[in-house]
Amino acid sequence: MKIKTYIFLILSLIVLEGCLNMNSPEDQANYIKCYNSFDSKLIDIIPNKIPNSFVSYGYSSPKYFFYDYAGMHITTKISDEDEYNKLREKYSEKAKAIKNSSDKCLIIITTSDNELEEGVQGNFNCEQPIPIPQYAIFKPDGGKNNINRIKNLEIIVLDFQFTDILNSADLTERKNLPEELSKGYSKGVTINKNNMTIQKWVVFW
């Protein structure tokens, strides 16, 4: 009897975990709608629907506009060291740049109302400034105007261009960036070995 009870409890926990991870049908529909509003070649690293294993996600489309940027990101768990190594190798082979999250040549494309302190946004005078979205390496910390850069993340940038690739009237030039950097596009992944997660992201501004 004790064995049956133990098995029942284990199965119950598995079912409960699955239910907690499932996103709502409305969220899934909005995510898919946003995904389909982009050229698939520009967002080819992003899943076309939210997997049940997601940790977090976000999206903004020119057709369903919420912010002064467009883009998508989704974070999922990495199951083990073998998967971590395979993912790192897979994306590193295609990389235009591989950086640590503390690198001063990373140009942060702001994606929230939070103000970045002077010097945090990146060194615009780097020989090769690399644009990445704020959500790729920052996290909120206790309030609207408090955000922290996450240390020791590996940023694998697969593509970037300083050009208005979407040709969208909704995306206005960034006043907090030099003119030559004020429009653009970037996609890549952020790998966090400490908590074994990978975030796939794309941003347009």
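About the cut-offs
Residues numbered from 1 in each chain as written. Predicted model: local features only at pLDDT ≥ 70, side-chain atom pairs only at ≥ 80, totals over all residues. Heavy atoms only, no water. Helix = DSSP H or I, 4+ residues; strand = E, 2+ residues; numbered from the N terminus. Buried < 20%, exposed > 50% of the residue type's maximum accessible area, 1.4 Å probe, protein only. Pairing = 2+ DSSP bridges. Axes fitted to C-alpha atoms, helices over the stretch in contact; angles between N-to-C directions.

Colleague: Mind showing me how you'd approach unusual backbone geometry here?
Modeller: Keep in mind that most residues, glycine aside, have a negative phi and that most peptide bonds are trans. One non-glycine residue, Asn152, lies in positive phi territory at about 60 degrees. Position of Asn152 relative to the elements: it lies in the loop between strand E7 (146–149) and strand E8 (154–161). At Asn167, a position not held by glycine, the phi torsion is positive, near 50 degrees. One can find Asn167 in the loop between E8 and strand E9 (185–192). Residue Asn167 is classed as exposed on the basis of its relative accessible area, which comes to 67%.

Colleague: Just checking my understanding: could you explain the sheet that holds strand E2 (residues 70–77) for this structure?
Modeller: Backbone-to-backbone hydrogen bonds join strands into a sheet, with any given pair of strands oriented parallel or antiparallel. What the six strands build is an open sheet, ordered E1-E2-E10-E9-E8-E3; its pairing is antiparallel. With partners counted over all chains shown, the strands left at the sheet margins are strand E1 (54–60) and strand E3 (97–100), one partner each. Taking the axes of each pair of neighbouring strands and ignoring which way they run, one obtains an average angle of 15 degrees across the sheet. Bridging between E3 and E8 involves four bridges; their strand directions are antiparallel.

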